[in-house]
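Reading the structure
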Amino acid sequence: MNNYRKTGFCILCSLVFYFTFTGCTEKKGSDTVSIQWEGDKAVAIIVPQQFLSSVPKDSVTELLQIRLANADQPVIGDYSFKDGDIIFKPIIAFTRGLKYHVYVRNNLVDEIAIQAADTTVPRVVAVYPVLDTLPENLLKFYILFSKPMQEGDELKHIHLIKDGRDTLPFVFLDLGLWNHERTMLTLWLDPGRIKRELQPNKLLGPPLIKGSHYQLLIEKDWQDAEGILLAEDRAKNFFASSRDSVSPDEKKWAINTPKAGTKEQLVIKFNEPLDHVLAERTISVTDANGNEVKGKLNVNEHSDVVYFLPASEWKREMHSLQIESRLEDLAGNNLDRLFEVDLNKKQEPPKNIYKRQFETR
Amino acid sequence: MKKLFYLVAMSMIFVLFIAADRSSTNPYGMKKGTPGIRSISALAFGPDGILFIGDSKSASVFAIDTKDKIAADKAATVEIKNIDVKIAAALGTEAKNIRIKDIAVNPVSKKIYCAVENMDGTSVLLKLEGETIQEVSLKDIEFSASSIANVPAEDQKDNRGRSLRESVISDLSYDNGNVMLSGISNQEFSSAFRVIPFPFTDKQQHSSLEIYHAAHGKYETNSPIRTFTIATLNGKKYLVASYTCTPLVLFPMDELQPGKHVKGRTVGEFGAGNSPIDMITVTSKDNSYLMMANSSRPVMRVNYKKIATYEGSLTEPIKESFSTAGVDFVTLPVVSVLQMDKLDDTKVLILQRKSNGDLDLSTLTDRLFS
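Residues numbered from 1 in each chain as written. Chains lettered and ligands numbered in written order. Predicted model: local features only at pLDDT ≥ 70, side-chain atom pairs only at ≥ 80, totals over all residues.

The next subject is the overall build of chain A. Along chain A, the regular secondary structure elements total five helices and 24 strands. Scored against the burial criterion, the 361 residues of chain A give a buried share of 35%. For chain A, long-range pairs separated by at least 24 residues make up 64% of all intrachain contacts whose partners lie at least 6 apart in sequence. (Helix = DSSP H or I, 4+ residues; strand = E, 2+ residues; numbered from the N terminus. Buried ≥ 20, exposed ≤ 12 C-beta atoms within 10 Å, placed from the backbone. Contact = placed C-beta atoms within 7 Å.)

Moving on to the overall build of chain B. Summing up its helical and strand segments, chain B has five helices and 26 strands in all. For chain B, with 370 residues in total, the buried portion stands at 46%. Counting contacts in chain B only where the partners sit at least 6 residues apart, residues at least 24 apart contribute 53% of the total.

Paired through their backbone hydrogen bonds, the strands of a sheet run either parallel or antiparallel. Residues and elements named next belong to chain B. Pairing is antiparallel across the open sheet formed by four strands, whose spatial order is 5-6-7-8. Looking along the sheet, the strands with just one partner apiece sit at the ends: strand 5 (98–105) and strand 8 (132–135). Strand-to-strand twist across the sheet, computed as the mean angle between neighbouring axes with direction ignored, equals 30 degrees. (Pairing = 2+ DSSP bridges. Axes fitted to C-alpha atoms, helices over the stretch in contact; angles between N-to-C directions.)

Another point: the confidence of the model for chain A. Here chain A shows a mean pLDDT of 85. Residues at 70 or above account for 89%. Confidence over residues 1–30 of chain A falls short of pLDDT 50; this stretch has 33 contacts with residues more than four positions distant or in other chains. (pLDDT = per-residue confidence, 0-100.)

Moving on to the confidence of the model for chain B. Low pLDDT means the predicted atomic positions in that stretch should not be read closely. Residues and elements named next belong to chain B. On average, residues of chain B score 79 in pLDDT, and 76% of them reach the 70 mark or higher. Looking at the elements of chain B, mean pLDDT is at its lowest for helix 3 (residues 160–163), recorded as 37, and at its highest for strand 3 (residues 50–55), recorded as 96. Low confidence marks residues 14–24, where pLDDT is under 50. Its contacts with residues over four positions away, or in another chain, come to zero contacts. Overall fold confidence (pTM) sits at 0.82, and the ipTM for the predicted complex is 0.80.

What follows covers helix 2 (residues 83–91) of chain B. All names here are of chain B. With respect to burial, helix 2 is a largely interior element, eight of its nine residues being buried. The set of residues buried in helix 2 consists of Ile83, Asp84, Lys86, Ile87, Ala88, Ala89, Ala90 and Leu91. Once helix 2 finishes, glycine 92 follows within two positions and takes phi at roughly 80 degrees, a positive value.

We now examine the sheet that holds strand 22 (residues 305–310) of chain A. Residue and element names in this part refer to chain A. Taken in spatial order, the four strands of this open sheet run 18-19-22-21, and their pairing is antiparallel. Two strands bound the open sheet, and with one partner strand each, they are strand 18 (254–256) and strand 21 (295–299). In this sheet, adjacent strand axes meet at a mean angle of 15 degrees when their direction is disregarded. Pairing of strand 21 with strand 22, which is carried by five bridges, proceeds in the antiparallel orientation. Following the sheet pairing, glycine 295 is matched in strand 22 by proline 310.

This part takes up the nonpolar core. All names here are of chain B. Grouped together as the largest cluster of nonpolar side chains are 166 residues, with contacts concentrated most on Leu43, Met291 and Leu349. Top element by residues in this core is helix 2. It accounts for six residues. Setting aside anything within four residues of it in sequence, one finds leucine 43 in contact with Leu51, Ile53, Asp102, Ala104, Tyr113, Ala115 and Leu172. (Core = buried A, V, L, I, M, F, W, Y, C linked by C-beta atoms within 7 Å.)

Following A:Tyr128, the chain continues into A:Pro129 via a peptide bond in cis, with omega recorded as -5 degrees. Within the secondary structure, A:Pro129 is located in the loop between strand 9 (124–128) and strand 10 (133–135). Of note, the amide linkage connecting B:Phe198 to B:Pro199 takes the cis form, showing an omega dihedral of 5 degrees. Here B:Asn234, not a glycine, exhibits a phi torsion of approximately 50 degrees, which is positive. By the element assignment, B:Asn234 lies in the loop between strand 15 (225–233) and strand 16 (236–243). Residue classification places B:Asn234 among the exposed residues on the basis of 11 C-beta atoms within 10 Å.

Quick look at the pairing of strand 24 (residues 337–344) of chain B now. All names here are of chain B. Counting buried positions along strand 24 yields six of eight residues, so the element is predominantly enclosed. Bridge count for strand 24 against strand 25 (residues 347–353) is six bridges, and the pairing is antiparallel. Note that in strand 25 the partner of aspartate 341 across the bridge is leucine 349. Here strand 24 hands over to strand 25 after two residues, the two strands then running antiparallel side by side.

Residue and element names in this part refer to chain B. The element strand 17 (residues 247–252) is largely enclosed, with a buried count of five among its six residues. Looking at chain direction, strand 16 and strand 17 are connected through five bridges and run antiparallel. Its bridge partner being in strand 17, leucine 239 is matched across the sheet by phenylalanine 251. As judged from the four bridges shared by strand 17 and strand 19 (residues 265–269), these two strands associate in the antiparallel manner.

The subject of this paragraph is the environment of B:Gly326. Tracing the backbone shows B:Gly326 in the loop between helix 5 (320–323) and strand 23 (330–331). For the pair B:Gly326 and B:Arg367, spaced 41 residues apart in sequence, the C-alpha to C-alpha distance is 25 Å.

So, on to the environment of B:Ala89. Topologically, B:Ala89 is positioned in helix 2. Judged by the 22 C-beta atoms lying within 10 Å of it, B:Ala89 is buried. Residues B:Ala89 and B:Ile133, spaced 44 residues apart in sequence, show a C-alpha to C-alpha distance of 9.9 Å. Ignoring any residue separated from it by four or fewer positions in sequence, one finds B:Ala89 in contact with A:Leu68, A:Ala71 and A:Gln73.

Our focus in this paragraph is the environment of A:Lys162. Here A:Lys162 shows up in strand 12 (residues 158–162). For A:Lys162 and A:Glu136, which are 26 residues apart along the polypeptide, the C-alpha to C-alpha distance reads 13 Å.

Now the structure itself:
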């Protein structure tokens, strides 16, 4: 849309259409109903007093109604007065792109159009793990979006296709686990099917079988929080390999120690890819006094290397890598326990935090 | 005489003032104000019209005084077609933009409360009066709150900022002075179940629950609870929980003590290709039933007497004869139920997606559970 048309569109959207009063209201004034914005949300409308000159103040909440265009019932909200005008604040913001009617004494007096929202099209920006070979007992995917998405019915848009032919039923749990911003969905493969000997496992088998090719397909008919569909389908192809039945072992990680007096990166190489999101959140560095070293931690795309960039120069002393035990590998085995705990075997007591010492060069 | 009259009048005003002040004193330690509720993930009623709100975003449970205390013995049968369309219109939007997160019936007034989320993430609390939809204001109300944010272990204290985890409150319930809630983490495969005494205090009871998978004779911890209810079996109270990996498990309530590891007893595995959504306990005449709504299967009904007869026999691996289904259950001719709550002793309220795509609020009568 060119600028001229864009401006015209904006003017059109903010135009107020007048209707003749048919009740006992007086001739309308020159003021118009206006929209009150807070950021990108239309949180209220201001109805000028001219519209309500025939309405006693204590009857405004009954005689002034805002309805969604073509709806019969009034929108629920709070009424307040400011300089004689009435501010109507619905309990949720007006929906972008919809029209609303203003009624006084049950007569339509005005129509307002809420300008459509940012029309940036949402995209899938990443699917973790990104690797194309994954263990057959893989526990979860993370799907990251460029914008907040709409919650609910996620599994309608996600399919797992085996060997290019069969769309597999019942492979994911319908939990709708979003982060608070609703830009990341955690998608669990049914743990009941992964856990050996449980009924779902016995009846349906594991979701993934070693030696098969799979495609995780995210379909574009998925709305974001503003009602805009995804730009395109996103497919992730992978091959299922051997089962991972070993807990991550921090003792096997390679640490590339930084030089004291510099801001060199600390590089930690895992001996296997780990859960991308947990790796970002469960690892930290402390100094010789046990204080946290401030800095920025990044995980590479393959989720097997962590880079820690300190905010200030490294001191020449012993440091410690602090790893929360909840850090998992791709199959849900964490530092304390395996995904499938066999209690016939002796269990080590849980530790909560695992540590690796390293000294700056 | 005039003076005496004046004195009497003044003392009466004083007495009235004291009485008025007393009537506003809340026995549950609540204070008036605006709770900072950021999301409404789950609802459950407590005593005297107290409503508990599970807020995943602020990692808290709020108790609010609804003042909805006029008792009704029986609830009217509820049949509201296209409830989502009606709620959306009342909110000034379209049905596709909202999501009904939970419904709860006030056991005192039998009124229906509904947590609704707008597509932009705004949560609102609504009350139904017949088909009329009203807002339940969350401003200037009597409330109290309890944080459920993860308390880092002692050796994590230097790491506090990083230790906060995001999780979703999957179910919430109240029983006999305790608010109970289950949580599902967005990241790790773990169990989070909390018991919080109400009225809220600084102390929080936090039991970690252990589940026994009798089917393969292994103990297994950390599986997240999806939904739960409380039931009395042989005079003893139990937490009845269903997991994301499908088993139905019982935990004795009196064993849920702080820091104690409690072993659950698996009584059934119902859900191949299915995930439990909601469950409630209903009592009809001499029988008490568990009603469970499911993602891919009809509503299931289990007579607690059948569960009770397993008492003491399932600490060993289930024998082959039980291994296919565990405890007997009845599949009801009711499908696609998303939410359930007890309406009164003879009725269950359900939120149901019909085959034509409509979302209706309707009533199951005791014909289905007696």
